[in-house]
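# Observations on chain architecture
Each chain is listed here by its residues.
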Amino acid sequence: MSTTDKLKAEIGTKKTAVVTPMPMSDLANRCFKTIMKQETIKAFSMALPKNANPERFARIIWTECRKSRELLKAEPASLISACMIAAQLNLEIGSHLGQAYLVPFEVNKKIDGQWVKTPQAQLIIGYRGLITLARKSGDMISLNAYAVYEKDDFSYHLGLHPDIHHIPSSDADRGNLLYVYAVANFVGGGVQFEVMSRAEVEKVRNESQGYKFAKRKAESTKPTKPINSPWVSHFEEMAKKTVIRRLAKYLPLSVEAARAVAADEAADRGETPWDVVDASFVETGGEISPEDFDKEEPIPSTEDSTTNPKTADQPPLDEAWLSAYDTSTTEGSEI
């Protein structure tokens, strides 16, 4: 037998990866148990400040996951890793405050010699979250971001005497967004600012792995659906976050703010949340699997039991709510 024939025979007999999708009810049940189990809540209590309520933090995460079917599909390890970063930074997840968002995306994993797309969850930090963390350094009086529209009176110049002139239009419709800029005022005097055009912001958006995934997902559905991404639903906020992140390179940041910038940049590159620990890359020697996370390991109890009281067993998942999940369920923007 020739070498070519041997290779064909090997390829023909090679096992291919078969991924059987889980029913939506099982995905919802898995997500609920992952977030609300006592081991996870204890881990949140160790990462959150002592005055924070880990049970409330967990239920906010569960509420956000219920809004997105793709988040329910995410591997539990990636979901908890993203949430742990938010807990360490003391940022509340959800669009109501705009501090941080949970966004689904996909990574390629090799299973039985074949690359398979695996659902993951990543943390996207909003501009309000970056501002909150940056102000903790104590070196800044204020840090703000602004959007410039077509009808605004706006100009700026750099050089030896950089300056910005911006008078917003009083019209209800100010036109299209043209620029965003961020300004930091320091305690000892002095101002630092950064300006980005819409084209520059859109270039950053188009390189974001989370946005790419949302765009592919929308285009693959028939009929085509709107792109489900903060870059679409909250473009101005994401644009402000982008210019603040660029300005942050010149600012005296707190440890939390530096960690947030590193985590957000990693999310844009499509790196899994556990790649970033304490604002530096850590080689783990391999990806963490959901099975590893589910192993029962002792977790030290919190020092202040009165601040983070232990709760009784979590109530069972509502079977009536679960019954709505099946393959025939009509998809919507919120569950």
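The preceding data block contains the structure.
These remarks concern the structure in this document.

Rules used in this analysis
- Residues numbered from 1 in each chain as written.
- Predicted model: local features only at pLDDT ≥ 70, side-chain atom pairs only at ≥ 80, totals over all residues.
- Heavy atoms only, no water.
- Helix = DSSP H or I, 4+ residues; strand = E, 2+ residues; numbered from the N terminus.
- Phe/Tyr/Trp six-rings, centres within 6.5 Å; stacked < 30°, edge-to-face > 60°.
- Buried < 20%, exposed > 50% of the residue type's maximum accessible area, 1.4 Å probe, protein only.
- Expected span 1.5 Å × (residues − 1).
- Axes fitted to C-alpha atoms, helices over the stretch in contact; angles between N-to-C directions.
- Parallel < 35°, antiparallel > 145°, perpendicular 65-115°, else oblique.
- Left-handed = near helix turned anticlockwise from the far one by under 90°.
- Contact = heavy atoms within 4.5 Å.
- Nonpolar A, V, L, I, M, F, W, Y, C, P; charged D, E, K, R; others polar.
- Salt bridge = Lys/Arg side-chain N within 4 Å of Asp/Glu carboxyl O.

## Quick notes on unusual backbone geometry
Despite not being glycine, Asn90 shows a phi value in the positive range, around 60 degrees. Within the fold, Asn90 resides in the loop between helix H6 (76–89) and strand S1 (100–111).

## As for the packing of aromatic side chains
Under the definition given, this model contains eight aromatic pairs. Plain terms: the ring middles of Phe44 and Phe57 are 5.1 Å apart, the flat faces sit at 80 degrees to each other, and that makes the pair edge-to-face. One end of the pair, Phe44, is in helix H3 (residues 38–47); the other, Phe57, is in helix H4 (residues 54–66), and 13 residues separate them in sequence. Side by side, Phe44 and Phe57 carry an identical accessibility label, which is buried. Between the aromatic rings of Trp231 and Phe235, the centroid separation amounts to 6.0 Å while the plane-to-plane angle is 55 degrees, which identifies the pairing as tilted. What links up through ring pairs into an aromatic cluster is the set Tyr146, Phe154, Tyr156, Tyr179 and Tyr181.

## So, H6
Between its first and last C-alpha atoms H6 spans 20 Å; for 14 residues at 1.5 Å apiece the expected length is 20 Å, and the two agree. Among the 14 residues that make up H6, 13 are buried, leaving the element largely enclosed by the rest of the structure.

## Focus: the packing of H3 against H6
Packed helix pairs are specified by the crossing angle of their axes together with the interaxial distance, meaning the distance between the axes. Put simply, H3 and H6 touch, their axes get as near as 8 Å, and they point 30 degrees apart. One way to sum up the angle between H3 and H6 is to call them roughly parallel. Seen from above, H3 lies across H6 with right-handed handedness. Facing H3, whose interface residues are Thr40, Ala43, Phe44 and Ala47, H6 presents Ile80, Cys83, Met84, Ala87 and Gln88. Residues that form the contact of H3 with H6 fall into these classes: seven nonpolar, two polar and no charged.

## Re the pattern of salt bridges
Tallied over the full model, the rule gives eight salt bridges. Where Lys73 meets Glu70, a salt bridge forms, and the shortest distance between an N and an O atom there is 3.5 Å. Taken as a pair, Lys73 and Glu70 lie in helix H5 (residues 69–73) at a separation of three residues, close to a single helical turn. On the basis of relative accessibility, which here comes to 26%, the residue Lys73 falls in the partly exposed class. Overall, Glu70 belongs to the buried group, its relative accessible area being 17%. The shortest N-O distance in the salt bridge between Glu236 and Lys240 comes to 3.0 Å. Of this pair, Glu236 and Lys240 both sit in helix H11 (residues 235–247), separated by four residues, roughly a single helical turn. The partly exposed category is assigned to Glu236, whose relative accessible area is 25%. Classification of Lys240 as buried rests on a relative accessible area of 11%.

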